[in-house]
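Overview (structure and organization)
This is what each chain is made of:
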Amino acid sequence: MLHVIIGLQCFSNSLAQEAASVYWRPLKGKGGKSPCLLSGQRWPQAGSPRFRGEVTKKDRAPREVQRLWQRPWLRTAGLGAGLVLTALLLWSSLGAEDGVAEVLARRGEVVAGRFIEVPCSEDYDSHRRFEGCTPRKCGRGVTDVVITREEAEQIRSIAEKGLSLGGSDGGASILDLHSGALSVGKHFVNLYRYFGDKIQNIFSEEDFQLYREVRQKVQLTIAEAFGISASSLHLTKPTFFSRINSTEARTAHDEYWHAHVDKVTYGSFDYTSLLYLSDYLEDFGGGRFVFMEEGTNKTVEPRAGRVSFFTSGSENLHRVEKVHWGTRYAITIAFSCNPDHGIEDPAFP
């Protein structure tokens with residue numbers, strides 16, 4: 001990126017040199033060479049007419065051109081063009097860095113229902129199969145009409161209340177209402193044991209009721225999209241809230257941005273879903289969800305109330321971009337076809 005900025009500086013100044021034959025002292029490259037010189041060129045040496053600011057016959061430019069470059073509007077236009085070009089190159093560089101080639105769902109659009117089918121991986125073959133549930137139809141979907149933004153705001157308040165009791169020293173904090181796991185510093189505690197009766201002053205029965213209702217809506221959405229019975233899906237662990245900000249990672253638990261496969265990481269997962277509780281580019285920057293595909297990564301831009309869901313095998317290798325500013329809230333809700341891996345909804349203590 002430094003080469004881009006230097007190149008633009010050289011470009012802008014070359015206009016001045018060309019118009020008025022005025023030499024400027026440039027940034028130095030390796031070995032004292034200027035990064036602005038073309039191959040074979042040399043900067044004037046001390047004592048030479050050019051170095052003293054004298055204009056040789058060879059360098060003399062028409063006075064009309066000199067007067068033209070001295071006009072403020074022309075210098076401003078040249079600087080503006082350089083800044084615009086810099087911004088475009090920076091944007092292009094960032095886009096190429098994360099490899100995103102297609103946006104499946106933009107934050108500003110309301111997606112009634114979007115589903116993309118992909119070939120299933122062999123990951124499910126190494127696990128016990130459950131006819132009518134284990135994925136034979138694989139893919140990924142997005143919808144903005146299952147959970148309202150008002151419900152998302154209420155669900156987010158549950159996360160905020162719980163995480164107010166702790167929080168990671170790094171950029172990623174976890175709250176699991178099922179197991180009680182809560183990030184505190186560099187570790188996890190069981191909030192039900194650690195805080196005891198104080199929990200009843202933090203949460204309400206209405207909070208847990210809303211949590212169950214949202215889970216049921218997401219479960220029905222997944223069942224309908226993949227053509228299976230909702231009763232064959234079993235809520236599984238870990239199902240949890242996440243809060244991500246730009247704080248530097250302190251432990252491996254804070255490094256959320258690595259690409260992974262849910263079925264490999266959590267053998268019980270067959271179907272994964274995420275309910276986003278904040279808005280991309282309004283509440284935070286970065287933090288998009290990226291499906292990793294050779295040459296054509298695809299991304300989902302978080303939007304409060306948006307549900308993104310997919311089969312959990314390596315056909316849906318994915319990662320989350322690093323959050324650059326603000327705070328990103330979401331809840332991961334996972335389902336298994338194996339009833340032995342099922343967990344109950346959390347109950348108000």
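Residues numbered from 1 in each chain as written. Predicted model: local features only at pLDDT ≥ 70, side-chain atom pairs only at ≥ 80, totals over all residues. Heavy atoms only, no water.

1. Some thoughts on the overall build of the protein chain
Test applied: By definition, any uninterrupted DSSP run of H or I lasting at least four residues is a helix, any uninterrupted run of E lasting at least two residues is a strand, and each is numbered from the N terminus. Partly exposed describes any residue whose relative accessible area lies between the buried limit of under 20% and the exposed limit of over 50%, with all areas from a 1.4 Å probe on protein chains only and scaled to the type maximum. Each accessible area value is a Shrake-Rupley result obtained with a 1.4 Å probe; residue values ignore everything except the protein chains displayed when judging cover.
The helix and strand inventory of the protein chain stands at 7 helices and 16 strands. Out of the 349 residues belonging to the protein chain, those deemed buried represent 44%. Roughly 18800 Å² of accessible area belongs to the protein chain as shown, and the carbon and sulfur atoms make up 53% of that amount.

2. Remarks on the pairing of strand S3 (residues 138–143)
Put simply, the test is: Paired strands are those between which DSSP finds at least two bridges.
For S3, the tally of buried residues reaches 6 of 6 residues, placing the bulk of the element in the interior. Along S3, one buried face is formed by Cys 138, Arg 140 and Val 142 and the opposite face, lined by Gly 139, Gly 141 and Thr 143, is buried too. Examined bridge by bridge, strand S2 (residues 114–118) and S3 share 5 bridges and lie antiparallel to one another. By the bridge assignment for S3, Phe 115 is matched with Gly 141.

3. Some remarks on the state of the cysteines
Linking two cysteines covalently via their sulfur atoms produces the bond known as a disulfide. Stated formally: Counting rule for disulfides: a pair of cysteine sulfur atoms within 2.5 Å.
Under the counting rule described, the total for this entry stands at 2 disulfides. Here Cys 120 pairs with Cys 138 through a disulfide, and the sulfurs are 2.0 Å apart. Judged by the sign of its S-S torsion, about 105°, the bond between Cys 120 and Cys 138 is right-handed. Placement of the pair is Cys 120 in the loop between S2 and S3 and Cys 138 in strand S3, with a sequence separation of 18 residues.

4. Things to note about the environment of Ser 312
Where we set the bar: We call two residues in contact whenever any of their non-hydrogen atoms come within 4.5 Å of each other.
Within the element layout of this structure, Ser 312 appears in the loop between strand S13 (307–311) and strand S14 (318–320). Of the residues examined, Ser 312 reaches a relative accessible area of 1% and is grouped as buried. If we ignore the near neighbours within four places in the chain, the residues touching Ser 312 are Tyr 124, Val 261, Asp 262, Lys 263, Phe 269, Asp 270, Tyr 271 and Thr 272.

5. Quick notes on the nonpolar core
Under the convention used in this document: In this text, buried Ala, Val, Leu, Ile, Met, Phe, Trp, Tyr and Cys residues form a nonpolar core when linked through side-chain atoms within 4.5 Å.
Core analysis: the biggest nonpolar cluster contains 43 residues, and Phe 241 and Tyr 271 have the highest contact counts within it. Counting residues per element, the ones that place at least two in this core are helix H4 (149–163), helix H5 (191–195), helix H6 (205–226), strand S8 (234–244), strand S9 (271–276), S13 and strand S16 (328–336). Counting residues per element, this core draws most heavily on H6, which supplies 9 residues. If you look at the next biggest cluster of nonpolar residues, it comprises 18 residues, including Val 142, Leu 274, Phe 291 and Val 323.

6. Some remarks on H4
Applied cut-off: Expected helix span is given by 1.5 Å per residue-to-residue step, counting one fewer step than there are residues. Here the arc refers to the directions that run from the helix axis out to each C-beta atom.
Taking 1.5 Å of rise per residue, 15 residues should cover 21 Å, and H4 covers 21 Å from first to last C-alpha, within 8% of that figure. Glu 151, Ala 152, Ile 155, Ile 158, Ala 159, Gly 162 and Leu 163 are the residues of H4 that are buried. Buried residues of H4, viewed axially, fall in a sector of 125°; they line one side. Across H4 from its buried face, at more than 90 degrees, point the exposed residues Glu 150 and Glu 153.

7. Brief notes about the packing of H4 against H6
Keep this limit in mind: Orientation is described by lines fitted to C-alpha atoms, with helices fitted over the stretch in contact, and by angles between N-to-C directions that extend from 0 to 180 degrees. The scheme is simple: roughly parallel for angles under 35 degrees, roughly antiparallel for over 145, roughly perpendicular for 65 to 115, oblique for anything else. Put simply, a crossing is left-handed when the front helix is turned counterclockwise from the back one by less than a right angle, and right-handed when it is turned clockwise. Think of it as three bins: nonpolar holds Ala, Val, Leu, Ile, Met, Phe, Trp, Tyr, Cys and Pro, charged holds Asp, Glu, Lys and Arg, and polar takes everything else, Gly as well.
Contact geometry for H4 and H6: axes closest at 10 Å, N-to-C directions at 125°. With respect to H6, the axis of H4 lies oblique. The crossing of H4 and H6 is left-handed. Counting all contacts with H4, which are made through Glu 151, Gln 154, Ile 155, Ile 158 and Lys 161, the residues of H6 involved are Asp 207, Leu 210, Tyr 211, Val 214 and Lys 217. Of the residues assigned to the contact of H4 with H6, the class counts are 5 nonpolar, 1 polar and 4 charged.

8. Details of the pattern of salt bridges
Note the cut-off: Salt bridge, as used here, is a side-chain nitrogen of Lys or Arg placed within 4 Å of a carboxyl oxygen of Asp or Glu.
Under the criterion given, the structure shown has 18 salt bridges. With a closest N to O distance of 3.3 Å, Arg 114 and Glu 109 form a salt bridge. Across the pair Asp 125 and Arg 129 runs a salt bridge whose closest N-O atoms are separated by 3.3 Å. For Asp 125, a relative accessible area of 54% gives the class exposed. Counted as one network, the salt bridges with shared partners bring together Glu 102, Arg 140, Glu 293 and Lys 298.

9. Some points on H6
With 22 residues, H6 should reach 32 Å at 1.5 Å per residue; the first-to-last C-alpha distance of 32 Å fits that figure. Looking at the residues trailing H6, positive phi occurs at Gly 227, about 65°.

10. A word on the packing of aromatic side chains
Selection rule: Whether two aromatic rings pair depends on their centres lying within 6.5 Å, for rings of Phe, Tyr and Trp, where Trp uses its six-membered ring; planes under 30 degrees apart make the pair stacked, over 60 edge-to-face, and the rest tilted.
Tallied over the full model, the rule gives 13 aromatic pairs. With a centroid separation of 5.9 Å and 90° between ring planes, the pair formed by Phe 203 and Phe 208 is classed as edge-to-face. Among the residues examined, Phe 203 registers a relative accessible area of 3% and is labelled buried. Since its relative accessible area comes to 1%, Phe 208 is described here as buried.

11. Concerning the confidence of the model for the protein chain
The condition that has to hold: The predictor's confidence in any single residue is recorded as pLDDT, a number from 0 to 100.
Summarising the model, the protein chain shows a mean pLDDT of 82, and 71% of its residues fall at 70 or more. Within the model, pLDDT remains below 50 along residues 1–62, and this stretch shows 59 contacts once partners closer than five positions in the same chain are excluded. Note on residues 84–97: pLDDT under 50 across the span, and 7 contacts to partners over four residues away in sequence or across chains.

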